[in-house]
Amino acid sequence: MKITLLDYGAGNVASVERALQRLGAESQRATTPECIAKAEALLLPGVGHFETLMRALDDRKLRTPLLDAVGRAVPFLGICLGLQALYAVSDEAPDLTGLQLLPGCVRSLPSVVKLPHMGWNRLLMKKKSVLLDGVASDAYFYFAHSYAVIDQREETVAVCSYGTEFVAVLEKENICAVQFHPEKSGEAGAQVLRNFLRLCA
Amino acid sequence: MSLARRIIPCLDVDGDRVVKGVNFVALRDAGDPAQLAARYNTEGADELVVLDIAASRDQRPTFLETIRRVAAELAIPLTAGGGIRAVEDARCVLRAGADKITLNTAAVARPELISEASLEFGAQAVVLAIDVKRVAGQWVVMVRGGREPANRDAIAWAKEGVTLGAGEILVTSMDRDGTKSGFDAELTAAMSSVVSVPVIASGGAKLPAHFAEIFTAGHADAALAASIFHDQIQPIRELKAYLSALGIPVRLPC
């Protein structure tokens with residue numbers, strides 16, 4: 001199965017593409033509503049600002065086809081900002097509306113720690129997880145963000161602690177998302193992507 | 001759980017070759033950037049920095065191609081810089097495969113460049129690189145590859161850079177660079193205590209004890225070095241095992 005990467009002009013699509021390539025997976029970039037409508041598996045990479053992402057999705061008319069695809073149970077993986085986009089609202093751009101696929105909101109990490117949360121950190125697994133299958137419990141992942149989802153809900157499968165506990169991995173039916181960058185997280189990250197690919201197969 | 005201290009090899013690149021100097025001069029060839037990148041990716045480097053030391057307009061396409069070749073070898077973050085004068089320069093470098101850019105001389109000349117890049121790509125993608133020399137008891141910012149003083153206090157500049165939107169500070173002690181006498185822990189600690197973002201220390205590393213010192217007394221979040229890694233004087237794996245035994249959190253490669 002081919003993985004469709006949402007290319008909205010921002011985000012580091014190329015490094016996700018390379019990471020998938022290394023795992024032998026086929027991928028294509030989608031920039032139009034038509035491409036998303038035909039997608040069999042979707043990946044939303046993201047770095048940068050919540051506002052840039054939401055505006056880019058709306059300017060390119062990608063919001064509705066994206067929601068439709070998730071609605072028809074297409075496997076979806078959100079990375080970093082791609083996780084945050086699943087929620088209704090973010091402190092980073094309070095006037096904009098996110099994808100509203102999950103209840104809750106994206107908050108600023110507390111300023112008692114250095115921000116951005118930048119570097120390699122470990123997870124605390126909360127539940128049995130598809131994405132983390134075969135990943136060592138003390139594995140490190142690469143994070144680069146200042147905002148996060150603090151409230152833990154049923155879809156939270158792993159958290160990370162930095163100033164406060166926040167959602168690091170979530171899984172809900174066909175929706176998967178990670179706050180870290182699996183494409184930049186060495187072998188542990190590759191295993192997460194492998195698990196997502198297995199889910200798509 | 002705590003954030004791992006990062007070990008970052010740095011490739012100073014002239015066109016398509018890695019070079020290394022002492023105190024910013026006396027350059028010599030140190031290898032192929034993509035080959036070194038592949039080695040560091042496997043050995044457990046936490047990130048890689050690639051700097052275009054020539055930073056000339058006509059060499060730009062060669063440097064971007066080098067970034068592409070290096071990025072293709074990495075499953076860890078890549079920071080690239082040298083000669084970034086405008087948001088468009090930054091975009092080219094990020095498009096070529098870097099995750100972050102470093103700003104240096106151009107940001108001193110026009111500090112708004114930091115805000116522009118931060119708004120466009122996010123603070124996490126903007127590293128303010130500051131080359132520092134101690135002159136008459138004061139830490140002075142140096143520009144143009146360390147050749148000219150900029151009449152700015154380094155600590156004040158770091159603070160201003162963060163206010164403008166830099167997500168990380170890369171501080172290089174020019175007094176220590178290439179000397180192998182250890183990082184400047186005093187400078188790094190002074191900077192780390194006044195900014196709210198991670199600080200990468202650079203310049204002077206040789207012994208594992210130098211890294212331990214910069215992560216403890218120097219309060220560095222990451223430590224950068226070049227020749228000791230290129231010349232295989234200090235294998236990253238052994239360095240991390242040493243730091244881990246001292247209780248410093250590091251990501252041990254599998």
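Before reading on, note that the structure itself is shown above.
Here's a quick rundown of the structure. Predicted model only: the values in this text are computed from it and were never measured.

What counts and what doesn't
- Residue positions within a chain follow its written sequence, with the count starting from 1.
- Throughout, the order in which chains and ligands are written sets their labels, letters from A for the former and numbers from 1 for the latter.
- In view of the model being predicted, local features appear only for residues whose pLDDT reaches at least 70, and side-chain atom pairs are presented and counted only at 80 or more, with totals across whole chains, interfaces and linings using the full set of residues.
- Side-chain measures here rest on the full set of heavy atoms in the structure, leaving out hydrogens and waters.
- Numbering of helices and strands runs from the N terminus, with a helix taken as a DSSP run of H or I at least four residues long and a strand as a DSSP run of E at least two residues long.
- C-alpha atoms define the radius of gyration, and 2.2 Å times the number of residues to the power 0.38 defines the globule rule.
- Burial status follows relative accessibility: with a 1.4 Å probe on protein chains alone, a residue under 20% of its type maximum counts as buried, one over 50% as exposed, and anything between as partly exposed.
- In what follows, a contact means two residues having at least one pair of non-hydrogen atoms within 4.5 Å.
- Here the Shrake-Rupley method, with its probe set to 1.4 Å, supplies the accessible areas, and only the displayed protein chains count as covering residues.
- Charge counting follows a simple rule: Lys and Arg are positive, Asp and Glu are negative, and His as well as the terminal groups are ignored.
- In plain terms, the charge of a residue is placed at NZ if it is Lys, CZ if Arg, CG if Asp and CD if Glu.
- The span you would expect from a helix comes to 1.5 Å times its residue count less one.
- What makes two strands pair is DSSP finding at least two bridges between them.
- When two rings of Phe, Tyr or Trp (its six-membered ring) have centres within 6.5 Å they constitute a pair, described as stacked for plane angles under 30 degrees, edge-to-face for angles over 60, and tilted for the intermediate range.
- Look at NZ for Lys and CZ for Arg. If either is within 6 Å of the ring centre and within 35 degrees of the ring normal, a charge sits over the ring.
- Two parts placed together each lose some accessible area; with a 1.4 Å probe, that loss summed over both constitutes the buried area.
- By definition, a salt bridge exists where a carboxyl oxygen of Asp or Glu is found within 4 Å of a side-chain nitrogen of Lys or Arg.
- Under the rule applied, a polar contact is a pair of N or O atoms within 3.5 Å (in protein, one hydrogen donor and one hydrogen acceptor; residues adjacent in sequence only if both atoms are side-chain atoms).

All right, on to the overall build of chain A then. Within chain A, the secondary structure is distributed over six helices and 13 strands. Whereas a compact globule of 201 residues would reach a radius of gyration of roughly 17 Å, chain A reaches 15 Å, a difference of no more than 12%. Principal-axis analysis of the C-alpha atoms places the extent of chain A at approximately 45 × 40 × 30 Å. Expressed as a percentage of the 201 residues in chain A, the buried residues total 60%.

A word on the overall build of chain B. Looking only at helices and strands, chain B features 10 helices and 12 strands. Relative to the globule expectation of 18 Å for 254 residues, the C-alpha radius of gyration of chain B, 16 Å, shows essentially globular dimensions. Taken over the C-alpha atoms alone, chain B extends approximately 45 × 40 × 40 Å along its principal axes. The burial tally for chain B puts 59% of its 254 residues in the buried class. Contacts in chain B between residues far apart in sequence, at least 24 positions, make up 67% of those at least 6 positions apart. A total accessible area of about 9400 Å² is found for chain B, and carbon and sulfur atoms account for 52% of it. The averaged location of the 31 negative side-chain charges in chain B is 1 Å from the averaged location of its 27 positive side-chain charges.

Quick look at helix H6 (residues 186–200) of chain A now. Residue and element names in this part refer to chain A. Under the 1.5 Å per step criterion, the end-to-end length of H6 is 21 Å for 15 residues, consistent within 8% with the ideal 21 Å. Burial analysis of H6 places 11 of its 15 residues in the buried class, which makes it a mostly covered element. Residues Gly186, Ala188, Gly189, Ala190, Gln191, Val192, Leu193, Asn195, Phe196, Leu197 and Cys200 constitute the buried set of H6.

All names here are of chain A. The strand order S5-S6-S10 describes an open sheet built from three strands, whose pairing is mixed. Edge positions in the sheet fall to strand S5 (89–90) and strand S10 (147–148), since each has one partner strand and no second. Strand direction decides the pairing type here: strand S6 (residues 105–108) and S10, joined by two bridges, are antiparallel. If you follow arginine 107 over to S10, its bridge partner there is alanine 148.

Two numbers describe a pair of aromatic rings. These are the distance of the centres and the angle of the planes. Inspection of every chain in the model, using the stated rule, returns seven aromatic pairs over all chains. Seen in terms of ring centroids, Phe141(A) and Phe180(A) are 4.2 Å apart; in terms of plane orientation they differ by 25 degrees. Their pairing is stacked. Within this pair, whereas Phe141(A) is found in strand S9 (residues 140–145), its partner Phe180(A) is found in the loop between strand S13 (175–178) and H6, the two being separated by 39 residues in sequence. We note that Phe141(A), like Phe180(A), is buried. When the centroid spacing of 5.7 Å and the interplanar angle of 80 degrees are considered together, the rings of Phe143(A) and Phe180(A) count as edge-to-face. Linking Phe143(A) in strand S9 with Phe180(A) in the loop between S13 and H6, this pair joins segments that are 37 residues apart in sequence. A relative accessible area of 0% places Phe180(A) in the buried class. In this arrangement the basic side chain of Arg251(B) is found over the ring face of Trp120(A), its NZ or CZ atom lying 3.6 Å from the centre.

The sheet built from eight strands is open, its strands ordered S2-S1-S3-S4-S13-S12-S11-S8 (chain A) with mixed pairing. On the outer flanks of this sheet lie strand S2 (27–30) and strand S8 (124–125) of chain A, each paired with one strand and no other.

Let us now look at the interface of chain B and chain A. Taken together, the 36 residues of chain B in the interface contact 30 residues of chain A. Summed over both sides, the interface between chain B and chain A buries roughly 2600 Å², with carbon and sulfur atoms accounting for 54% of that surface. On the surface where chain B and chain A come into contact, there are two salt bridges. Of the charged contacts, one joins Asp221(B) and Lys114(A) as a salt bridge, the two residues approaching to 2.9 Å between their closest N and O atoms. The interface formed by chain B and chain A includes 12 residue pairs in polar contact (both at pLDDT 80 or more).

On to the environment of Leu77(A). Position of Leu77(A) among the secondary structure elements: in strand S4 (residues 76–79). If near-sequence neighbours (up to four positions away) are discounted, Leu77(A) is found in contact with Leu42(A), Leu43(A), Leu44(A), Leu131(A), Cys176(A), Ala177(A), Leu193(A) and Phe196(A).

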